[in-house]
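Report on the structure
Residue-level listing of the chains:
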Amino acid sequence: MAIIRTIDHLESSLTEDLKWRTHEMQLWEQVASTCRTHQVAGVLRGGLALVYAHWEGYVKEGARAYLEYISRKGLKVNELRSEIAAVALRAKLGQGEASKNSSAHTAIVDLLREADTLPANLPYSSATIRTRSNLKFEVFADIMHSIGCDASRHEIYQSTIDKRLLRHRNDIAHGREEYVSLHDWIDIRDRVLLILKDVRSQISNAAANEEYRRKI
């Protein structure tokens, strides 16, 4: 995995990751369009799992790449907007909440008092972005909020994500006999791609405009 230090690195990561995912979903449409009639149902069942994988994969990787870019800027916590500062402090706060040890609680108080001067060592492993292995719209919106971006413009597609993509994907994953037409599959894929393209644009613009910084 390439290190993301500059805007160009981030742009390249966001673009190339979306490019191969888009290409793979377009190839799947070609396969479904040309296979034999009795094969279509099985191909489209697999296609729904593929669309979900790219939906979760790109949201997770895009957000992760953005956090890596910010982390490598060498900023302090007090220089970050609140949503991203919360990500920087989340692990320590979680440790304090989970602990019954008063010394852990004291350490959290000290951390909060010193937070303004602490370096913003943002975590950016894939585990940092919590999709909960079931990226419904509510979780997507929470991830976008955590990196200072906006999901509300896509609320019109909430039913597409929750009631069409996720419901079908979960039924298939649990071995249920679930079918979707090629027309419906294309519609779901295209709506997902529309959201993912906007995720790319929002992250790119946020980085270029330094929207990760706290406004003073």
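Here is a short report on the structure shown in this document. Here the structure is a predicted model, which means the values were calculated and not measured.

**Quick word on the overall build of the protein chain**
In terms of helices and strands, the protein chain carries seven helices and zero strands. When the elements of the protein chain are put in sequence order from the N terminus, they spell out α-α-α-α-α-α-α. The buried share of the protein chain, taken over its 216 residues, is 42%. For the protein chain, the exposed surface amounts to about 11,800 Å²; the carbon and sulfur share of it is 50%.

**Describing helix α5 (residues 137-146)**
Considered for burial, the residues of α5 that qualify are Phe137, Val139, Phe140, Ile143, Met144 and Ser146. Gly148 occupies a position one or two residues after α5 and carries a positive phi of about 80°.

**Examining the packing of helix α2 (residues 37-71) against helix α7 (residues 182-208)**
For the pair α2 and α7, the least separation of the axes is 10 Å and the interaxial angle reads 5°. Taken together, the axis directions place α2 and α7 in an arrangement best described as roughly parallel. Contacts between α2 and α7 involve Leu44, Gly47, Leu48, Val51, His54, Trp55, Tyr58, Val59, Gly62, Ala63, Tyr66 and Tyr69 from the first element and Leu182, Trp185, Ile188, Arg189, Val192, Ile195, Leu196, Val199, Arg200, Ile203, Ala206 and Ala207 from the second. Across the contact of α2 with α7, the residue classes break down as 19 nonpolar, three polar and two charged.

**Some thoughts on the packing of aromatic side chains**
All chains considered together, the criterion is met by three aromatic pairs. Consider the rings of Trp55 and Phe140, whose centres lie 5.0 Å apart with planes at 50°: the pair is tilted. Within this pair, whereas Trp55 is found in helix α2, its partner Phe140 is found in helix α5, the two being separated by 85 residues in sequence. On the basis of relative accessibility, which here comes to 0%, the residue Phe140 falls in the buried class.

**Observations concerning unusual backbone geometry**
Of note in this structure, Ser133 is not a glycine but carries a positive phi near 55°. Locating Ser133 in the fold gives a position in the loop between α4 (102-114) and α5. Of note in this structure, Glu210 is not a glycine but carries a positive phi near 55°. Within the fold, Glu210 resides in the segment after α7.

**Section: the pattern of salt bridges**
What the rule picks out here adds up to 17 salt bridges. The salt bridge partner of Asp198 is Arg153, with a shortest N-O separation of 3.1 Å. Of this pair, Asp198 sits in helix α7 while Arg153 is found in the loop between α5 and α6 (158-173), placing the two residues 45 residues apart along the sequence. A relative accessible area of 15% places Asp198 in the buried class. In this structure, Asp187 engages Arg191 in a salt bridge whose closest nitrogen and oxygen atoms are separated by 3.2 Å. On the criterion of helical spacing, the pair formed by Asp187 and Arg191 is a turn pair, its members being four residues apart in helix α7.

**Considering the environment of Thr128**
On the secondary structure map, Thr128 appears in the loop between α4 and α5. Placed 38 residues apart in sequence, Thr128 and Arg90 show a C-alpha to C-alpha distance of 9.8 Å. Leave out the neighbours within four places in its chain, and Thr128 touches Leu67, Val87, Arg90 and Pro123.

**Section: the nonpolar core**
Of all hydrophobic cores here, the largest spans 59 residues; its most connected members are Leu10, Trp55, Tyr66, Phe140 and Leu165. Those elements giving two or more residues to this core turn out to be α1 (7-34), α2, α3 (82-98), α5, α6 and α7. It is α2 that provides the largest number of residues to this core, a total of 15 residues. Excluding residues that lie within four positions of it along the chain, Leu10 makes contacts with Ile4, Ala65, Tyr66, Tyr69, Ile203 and Ala207.

What counts, and at which threshold
Residues numbered from 1 in each chain as written. Predicted model: local features only at pLDDT ≥ 70, side-chain atom pairs only at ≥ 80, totals over all residues. Heavy atoms only, no water. Helix = DSSP H or I, 4+ residues; strand = E, 2+ residues; numbered from the N terminus. Buried < 20%, exposed > 50% of the residue type's maximum accessible area, 1.4 Å probe, protein only. Areas by Shrake-Rupley, 256 points an atom, 1.4 Å probe, with all protein chains shown as cover. Axes fitted to C-alpha atoms, helices over the stretch in contact; angles between N-to-C directions. Parallel < 35°, antiparallel > 145°, perpendicular 65-115°, else oblique. Contact = heavy atoms within 4.5 Å. Nonpolar A, V, L, I, M, F, W, Y, C, P; charged D, E, K, R; others polar. Phe/Tyr/Trp six-rings, centres within 6.5 Å; stacked < 30°, edge-to-face > 60°. Salt bridge = Lys/Arg side-chain N within 4 Å of Asp/Glu carboxyl O. Core = buried A, V, L, I, M, F, W, Y, C linked by side-chain atoms within 4.5 Å.

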